[in-house]
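If you want the building blocks of each chain, they are given just below.
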Amino acid sequence: MTGNVPFPDRDTVAEKLAALSEADKSYLALLMENAAQDDNLLEGLRRHLDLAAGSRLLNSLKLENLGLWLGTEAPDRLQIRLMETARSSQHPAYQAFRTGLSRSGGLEKAYPSAIL
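Just so we're clear, the structure is a prediction, and the values are computed from it rather than from any experiment.

Q: I would appreciate a short explanation of the overall build of the chain in the present structure.
A: Scanning the chain from N- to C-terminus turns up seven helices and zero strands. Ordered by position in the sequence, the α and β elements of the chain form the string α-α-α-α-α-α-α. Relative to the globule expectation of 13 Å for 116 residues, the C-alpha radius of gyration of the chain, 14 Å, shows essentially globular dimensions. With the C-alpha coordinates of the chain rotated into their principal frame, the extents come out at 50 × 35 × 25 Å. Taken over 116 residues, the chain has a buried fraction of 39%. Here the analysis covers contacts within the chain between residues at least 6 apart in sequence; of these, 70% occur between residues at least 24 apart. Here the chain has roughly 6700 Å² of accessible surface; of this, 52% comes from carbon and sulfur atoms. Separation of charge centres in the chain, based on 13 positive and 15 negative side chains, amounts to 5 Å.

Q: How should helix α3 (residues 38–54) be read in this particular structure?
A: The periodicity of an α-helix, 3.6 residues per turn, causes residues three or four positions apart to be oriented the same way. Taking 1.5 Å as the rise per residue, α3 with 17 residues should run 24 Å; its terminal C-alpha atoms sit 24 Å apart, in good agreement. What α3 keeps buried is the set D38, N40, L41, L42, G44, L45, H48, L49 and A52. Looking at the buried residues of α3, the elements they touch are α1 (10–19), α2 (22–33), α4 (60–73), α5 (76–86) and α6 (92–104).

Q: Hey, could you run me through unusual backbone geometry in this one?
A: Note: most peptide bonds trans; most residues except glycine with negative phi. For L20, which is not glycine, the phi dihedral falls at a positive 50°. Taking the relative accessible area as the measure of exposure, L20 reaches 18% and is therefore buried.

Rules used throughout
- Residues numbered from 1 in each chain as written.
- Predicted model: local features only at pLDDT ≥ 70, side-chain atom pairs only at ≥ 80, totals over all residues.
- Heavy atoms only, no water.
- Helix = DSSP H or I, 4+ residues; strand = E, 2+ residues; numbered from the N terminus.
- Rg over C-alpha atoms; globule rule 2.2 N^0.38 Å.
- Buried < 20%, exposed > 50% of the residue type's maximum accessible area, 1.4 Å probe, protein only.
- Contact = heavy atoms within 4.5 Å.
- Areas by Shrake-Rupley, 256 points an atom, 1.4 Å probe, with all protein chains shown as cover.
- Lys, Arg positive; Asp, Glu negative; His and termini not counted.
- Charge placed at Lys NZ, Arg CZ, Asp CG, Glu CD.
- Expected span 1.5 Å × (residues − 1).

And the structure:
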């Protein structure tokens, strides 16, 4: 390969988000600690949601739980970008993720109602 491939690449992040085992959660939490990795995390999230949107069977509960976990665990700096990603499509996969993200209350904690 001659081009620069970001580490971790979006497919790796998408796989971790899809599995969401305890080891994957630890990996993703470590990724979220580094602001330089925000774009890689969000690209992986978009990839995961797009794959879910294209699958024959949609696991809405799993996507909602992913949104809930990310909304709870992600640092304040990511909350708006997570919500922007969740609102970027009207597909049920994105809607399920958005439902979990909203239920987490992460955006409200990061930006109290005085700002919203």
